[in-house]
Amino acid sequence: ITLLLLLVILVLIGYWYFSLSTPKLPEPPLKDLAANHGISLGVHVSLDSLSSKPYTSIIKSQFSFITIDGEADWNYDHPTISSYNYSKMDALMSFAKTNNMSVQIHHLVWGEQLFLPKWLKDGNYSPQQLLDIMHSYISNVVGHLKGKVAVWTVANEVFTRAQHLYNLQDWWANHIKDGVGYVD
């Protein structure tokens, strides 16, 4: 059933992408079909795309939760060492609340350096300082969204990146210098 749901979702998104209006959506909604099998059906949501009526119509009618990903990156949320900016994440949280959808935050820690702020990458911090910065960030974000998030991805791709599989690098492991020991 999972493969069938994925296929239907891909067809819907492809149809939407190539049309200017919301496609005729399945009845019953995909989220109801999934729920009949004990599955919550979610989708990654981009703040930049919420202005598109077809996009939001599909999300609201077909999915039971949203995943906030890019808007939860350090670049957006912690742009300077002394500031946090939750405006993008809060806008998506508001969308979810308005549409009675639960939320997954995908990820608090990710080793992809492209999405880490310059102040962090260029800071020449000691391993202990980096751990303190990481813990402070996690505490701040989780505290800001306390009681509003159903699922948290705390650390993403740690083991794959730390082993340099597929030529991936884990910025945190490389700079804390304890491999994946920062995940305890």
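Because the structure is a prediction, the values reported are computed rather than measured. (Residues numbered from 1 in each chain as written. Predicted model: local features only at pLDDT ≥ 70, side-chain atom pairs only at ≥ 80, totals over all residues. Heavy atoms only, no water.)

**Student:** Describe the overall build of the protein chain, naming the residues involved and giving the relevant values.
**Tutor:** A tally of helices and strands in the protein chain yields 9 helices and 4 strands. Listing every helix and strand of the protein chain by position from the N terminus yields α-α-β-α-β-α-α-β-α-α-β-α-α. Seen through its principal axes, the protein chain has C-alpha atoms that stretch 55 × 35 × 30 Å. Considering the protein chain as a whole, with its 184 residues, one finds that 40% of them fall into the buried category. Carbon and sulfur atoms make up 58% of the accessible area of the protein chain, which amounts to about 10,400 Å² in all. (Helix = DSSP H or I, 4+ residues; strand = E, 2+ residues; numbered from the N terminus. Buried < 20%, exposed > 50% of the residue type's maximum accessible area, 1.4 Å probe, protein only. Areas by Shrake-Rupley, 256 points an atom, 1.4 Å probe, with all protein chains shown as cover.)

**Student:** Run through the nonpolar core, naming residues and quoting values.
**Tutor:** Ranked by internal contacts, the top residues of the largest apolar core, which has 47 residues, are Ile59, Ile66, Ile68, Leu120, Trp172 and Tyr182. By residue number, the principal contributor to this core is helix H7 (residues 127–144), which donates 7 residues. In this view, Trp172 contacts Trp74, Val109, Trp110, Gly111, Leu116, Leu120, Leu130, Met134, Lys177 and Tyr182; residues no more than four positions away in its chain are not counted. (Core = buried A, V, L, I, M, F, W, Y, C linked by side-chain atoms within 4.5 Å. Contact = heavy atoms within 4.5 Å.)

**Student:** Which residues make up the packing of aromatic side chains, and what values go with them?
**Tutor:** For any pair of aromatic rings, the description rests on two quantities: the centre-to-centre distance and the angle between the ring planes. Taken as a whole and judged by the stated rule, the model has 7 aromatic pairs. Ring geometry for Trp171 against Trp172: centres 5.1 Å apart, planes inclined by 90°, an arrangement best described as edge-to-face. A residue is classified by how much of its surface remains accessible, and Trp171, at 4% relative accessible area, is buried. Cluster of aromatic residues (ring-pair linked, three or more members): Trp74, Tyr84, Tyr86, Tyr137, Trp171 and Trp172. (Phe/Tyr/Trp six-rings, centres within 6.5 Å; stacked < 30°, edge-to-face > 60°.)

**Student:** Describe in detail helix H5 (residues 87–98), supporting the description with residues and values.
**Tutor:** Taking 1.5 Å of rise per residue, 12 residues should cover 16 Å, and H5 covers 16 Å from first to last C-alpha, within 8% of that figure. Among the residues of H5, those classed as buried are Met89, Leu92, Met93, Phe95 and Ala96. For H5, the angular spread of the buried residues around the axis is 155°, confining them to a single face. Set apart from the buried face of H5 by more than 90 degrees, the exposed residues are Lys97 and Thr98. Those residues of H5 hidden inside the fold are in contact with helix H3 (53–62), strand E2 (65–68), helix H4 (74–77), strand E3 (102–110) and H7. Where H5 ends, the next residue or the one after it, Asn100, has phi of about 55°, a positive value. (Expected span 1.5 Å × (residues − 1). Arc of directions from axis to C-beta.)

**Student:** I'd like a rundown of the sheet that holds E2, residues and numbers included.
**Tutor:** Sheets are built from strands paired through backbone hydrogen bonds, the pairs being either parallel or antiparallel. Strands sit in the order E1-E2-E3-E4 across an open sheet of 4 strands; the sheet is parallel. Edge positions in the open sheet fall to strand E1 (42–44) and strand E4 (151–156), since each of these has one partner strand only. Across the sheet, the axes of successive neighbouring strands diverge by a mean angle of 20°, strand direction being ignored. Across 4 bridges, the pairing between E2 and E3 is parallel. Within the sheet, the bridge partner assigned to Phe65 lies in E3 and is Ser102. Its contacts with the sheet place H5 against E2 and E3, and it is angled at close to 175° to E2. (Pairing = 2+ DSSP bridges. Axes fitted to C-alpha atoms, helices over the stretch in contact; angles between N-to-C directions.)

**Student:** Can you lay out unusual backbone geometry for me, pointing to particular residues and giving the numbers?
**Tutor:** Residue Pro28 follows Glu27 across a cis peptide bond; omega there is -5°. Relative to the helices and strands, Pro28 resides in the loop between helix H1 (2–18) and helix H2 (30–35). Here His107, not a glycine, exhibits a phi torsion of approximately 155°, which is positive. Within the fold, His107 resides in strand E3. Relative accessible area serves as the criterion here: at 3%, His107 is assigned to the buried category.

**Student:** Lay out the environment of Ile138 in plain terms, naming residues and giving numbers.
**Tutor:** Note on placement: Ile138 falls in helix H7. In this structure, the C-alpha to C-alpha distance between Ile138 and Val154, residues 16 residues apart in sequence, is 8.3 Å.

**Student:** Describe the pattern of salt bridges, and please don't skip the residues or the numbers.
**Tutor:** In total, this model carries 1 salt bridge according to the counting rule given. The shortest N-O distance in the salt bridge between Asp122 and Lys118 comes to 2.5 Å. By the burial criterion, Asp122 is exposed, and Lys118 matches it. (Salt bridge = Lys/Arg side-chain N within 4 Å of Asp/Glu carboxyl O.)

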